[in-house]
Amino acid sequence: MPVPSASSAEPDSRRPAPSSLWRDADFRRLWVGQTASQLGEHASLVVLPLLAVLTLHASAGELGVLRAVGQAPILLLSLFAGAWVDRWRTRTTMVLTDVGRALALGAAAVAGLFGGLGMSGLLALAFAVGALSVFFDVAYQASLVRLVERDHLVRGNGALEGSRSAAQIGGPALGGALVSLLSAPVAAASSALFFALSFLSIRRIRRAERMPERPDEPPLIWRRIHEGLRFVAGDCVLRVVCLASAAFQFSFAAMMTVYLLFLPRELHLSGTVVGLALAAAGPGALLGSLLAARLPSRFGYGTVLVCAATLGDGVFLCVPALHGASTVTVPALLTVGFVFGFGGQLVNVTVMAVRQTVTPDGLQGRAAATITFAGMGLTPLGSLAGGFLAGEWGLRTGLLVTAGGMLLSPVLMALSPLARLGRELPAPHDTPPTAGRTHAPDLTRET
């Protein structure tokens, strides 16, 4: 695929000012496409298991395997996705993954309606959708850097992460409603429509991307992956982001394993109430997305990161103390979920802006993929650790220990250069010699 030359990129004066970001047609197209894609992705996370249970009469073990197969691409393909995204246009990657997911779900719907879909086919479908979603998620994170100036990343990330939070709330509910109102195969076809909408929106983006230069002899995929790993490990800011993400994901997976046992067995809550407690994080995340564009510029990026992580992660320390009637425990759990969603989303948006700013354009995809790989790679171990602690120490003690472990993430940030970030985003850090350069000039604000 040809790479645009320096002269082919649109002048920087055509890029929107922060106050006019929503008036920029290309940013709106990216936002609509990303929102539709996230809705389709999170709806399919409910539709595919229900398709297995209702249509194929899958057992609990088969359902567990289905979920594991759908999550496996995060571990297997994240680093490859980062290396791919750094060499190709993010717009092309996103539209191709949208087409692939729409066709896969559409084919599954047709096969399900005519009785031709078996468990092996559904496993292949879950892996394919999961793999394409990994590529899309890495690409959309890198696309914003190529679409808007670095000074506008916080505002843009706030908008994109806010829509992702809304999709996390509405997607599963929408998927369940589609299965209830229609049927599982028809619901799968309906989910495919969201990916089609994303394709139609993103393909209309017109602004040329700032692409990294490609060497005459491009390095092997393993060498490009190594470049991303080396850059993240060698950068003091990104290294802490990676370690803090890994600490959080491990402890959060352990805590959630105990939490999902604690609510029905210790507090004797119904499944509906448990769902409400989990869903309470959604409105908090939306508020966090809105404030993420304002708080760092007022209080400083480091202060916001450490305080928001401490608040969002530490609030779960209150849960082991809950006893008594549901009239007391349910409002407390809703508050805990809301505060966690608020703090967590504020951290997500702020960290993403910092990561995108310090990372050269030629390494955006690989940096995002490396951090995702390091963080999400520990979640299976965290889940096992949570189950072990719950069985050995009891639910209350296990929940207290795992919730306390989540505070390791803000401690790591507080003791690192991240805590010293001021009200301005830092400048891009040095690019490894083999990672490539960008055609466009550096647009980062001086600190």
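### Regarding the overall build of the chain
For the chain, the count of helices and strands is 17 helices and zero strands. Sorting the 447 residues of the chain into buried and exposed places 51% on the buried side. Considering only contacts within the chain whose residues lie at least 6 apart along the sequence, 89% involve residues at least 24 apart. For the chain, the accessible surface area stands at approximately 18800 Å², while carbon and sulfur atoms represent 66% of it.

### Comments concerning the packing of aromatic side chains
Applying the stated criterion across every chain yields a total of six aromatic pairs. Ring centres 6.2 Å apart and planes at 40° place the aromatic pair Phe136 and Tyr140 in the tilted group. Taken together, the positions of Phe136 and Tyr140, both in helix H4 (residues 119–147) and four residues apart, correspond to about one turn of that helix. A single burial state applies to Phe136 and to Tyr140, both of which are buried. Ring geometry for Tyr259 versus Phe316: centroids 5.4 Å apart, planes at 85°, classification edge-to-face. One end of the pair, Tyr259, is in helix H8 (residues 236–265); the other, Phe316, is in the loop between helix H12 (301–314) and helix H13 (326–358), and 57 residues separate them in sequence. By relative accessible area, Phe316 is classed as buried at 4%. An aromatic cluster of at least three residues, connected via ring pairs, comprises Phe248, Phe252, Tyr259, Phe316 and Phe340. For Arg101, the ring lying beneath its charged end belongs to Phe136, and the centroid distance is 4.9 Å.

### Some points on the pattern of salt bridges
Counted by the stated rule, this structure contains five salt bridges. Here Asp26 ties to Arg29 by a salt bridge, and the two come within 2.9 Å at their closest N and O atoms. Here Asp26 and its partner Arg29 are both found in helix H1 (residues 25–55), three residues apart, which amounts to about one turn of the helix. Its relative accessible area of 17% is what places Arg29 among the buried residues. Salt-bridge contacts for Arg101 lead to Glu41; the nearest nitrogen and oxygen are separated by 3.9 Å. Taken together, the positions of Arg101 in helix H3 (residues 90–113) and Glu41 in helix H1 put the pair 60 residues apart, joining distant regions of the chain. As far as burial versus exposure is concerned, Arg101 and Glu41 are alike and both buried. Among the charged side chains, a network of salt bridges with common partners joins Glu41, Asp98 and Arg101.

### Focus: a nonpolar patch on the surface
A contiguous nonpolar patch, built from Val110, Leu113, Phe114, Leu181, Leu182 and Val186 and spanning about 650 Å² of accessible area, is present on the exposed surface. Note that Leu113 resides in helix H3.

### Some words on the environment of Pro185
Tracing the sequence through the fold places Pro185 in helix H6 (residues 184–202). Filtering out sequence-adjacent residues up to four positions away, Pro185 remains in contact with Leu51, Thr55, Ala109, Gly112 and Leu113.

### Some points on the side chain of Arg101
On the basis of relative accessibility, which here comes to 0%, the residue Arg101 falls in the buried class. Among the polar contacts listed, one links the side chain of Arg101 to the side chain of Asp98, at a separation of 2.9 Å. Ignoring sequence-local partners within four residues, the contact set of Arg101 consists of Ser37, Glu41, Val129, Leu132, Ser133, Phe136 and Phe195.

### What about the packing of H8 against helix H14 (residues 364–376)?
Relative orientation of the contacting elements H8 and H14 amounts to 30°, with a least axis distance of 7 Å. Classified by the angle their axes make, H8 and H14 are roughly parallel. Between H8 and H14 the crossing geometry is right-handed. Across the interface between the two elements, Val241, Cys242, Ser245, Ala246 and Gln249 of H8 pack against Thr370, Ile371, Ala374, Gly375 and Met376 of H14. Looking at side-chain class alone, the contact of H8 with H14 contains six nonpolar, four polar and no charged residues.

### Focus on H1
Taking 1.5 Å per residue, 31 residues should reach 45 Å; H1 reaches 42 Å between its end C-alpha atoms and fits that length. After H1 finishes, the residue His57 shows a positive phi value of roughly 55°.

### Considering the packing of H1 against H4
Where H1 contacts H4, the axes come no closer than 11 Å and their chain directions differ by 160°. By the criterion of interaxial angle, the relationship of H1 to H4 is roughly antiparallel. The two elements H1 and H4 meet at a crossing, and its hand is left-handed. Side by side, H1 and H4 meet where Asp26, Phe27, Leu30, Gly33, Gln34, Ser37, Gln38, Glu41, Ser44, Leu48, Leu51 and Ala52 of the first sit next to Met119, Leu122, Leu125, Ala126, Val129, Ser133, Phe136, Asp137, Tyr140, Ser143, Leu144 and Leu147 of the second.

### Details of the environment of Gln71
Take Gln71: it is sitting in helix H2 (residues 60–85). In this structure the C-alpha to C-alpha distance between Gln71 and Phe127, which are 56 residues apart in sequence, comes to 7.6 Å.

### Notes on the nonpolar core
Grouped together as the largest cluster of nonpolar side chains are 55 residues, with contacts concentrated most on Leu30, Met94, Leu144, Val354, Met413 and Leu418. Sort the elements by how many residues they give to this core and H4 lands first, with ten residues. Membership of the second largest hydrophobic core comes to 25 residues, among which are Phe248, Met255, Phe316 and Ala403.

### A few points about the confidence of the model for the chain
Summing up the model confidence of the chain, the mean pLDDT is 79 and the portion of residues at 70 or higher is 84%. Across the chain, helix H17 (residues 408–414) holds the top mean pLDDT of 93, while helix H9 (residues 271–279) sits lowest at 70. In this model residues 1–19 is a low-confidence stretch, pLDDT under 50, and it forms 40 contacts with partners more than four residues away in sequence or in other chains. Counting contacts from residues 433–447, a segment whose pLDDT is below 50, to residues more than four positions away or on other chains yields 45 contacts.

Conventions adopted
Residues numbered from 1 in each chain as written. Predicted model: local features only at pLDDT ≥ 70, side-chain atom pairs only at ≥ 80, totals over all residues. Heavy atoms only, no water. Helix = DSSP H or I, 4+ residues; strand = E, 2+ residues; numbered from the N terminus. Buried < 20%, exposed > 50% of the residue type's maximum accessible area, 1.4 Å probe, protein only. Contact = heavy atoms within 4.5 Å. Areas by Shrake-Rupley, 256 points an atom, 1.4 Å probe, with all protein chains shown as cover. Phe/Tyr/Trp six-rings, centres within 6.5 Å; stacked < 30°, edge-to-face > 60°. Lys NZ or Arg CZ within 6 Å of the ring centre and 35° of its normal. Salt bridge = Lys/Arg side-chain N within 4 Å of Asp/Glu carboxyl O. Patch = residues over 30% accessible without salt bridge, like charges linked within 9 Å, V, L, I, M, F, W, Y side chains within 5 Å. Polar contact = N/O pair within 3.5 Å; in protein donor to acceptor, adjacent residues only side chain to side chain. Axes fitted to C-alpha atoms, helices over the stretch in contact; angles between N-to-C directions. Parallel < 35°, antiparallel > 145°, perpendicular 65-115°, else oblique. Left-handed = near helix turned anticlockwise from the far one by under 90°. Nonpolar A, V, L, I, M, F, W, Y, C, P; charged D, E, K, R; others polar. Expected span 1.5 Å × (residues − 1). Core = buried A, V, L, I, M, F, W, Y, C linked by side-chain atoms within 4.5 Å. pLDDT = per-residue confidence, 0-100.

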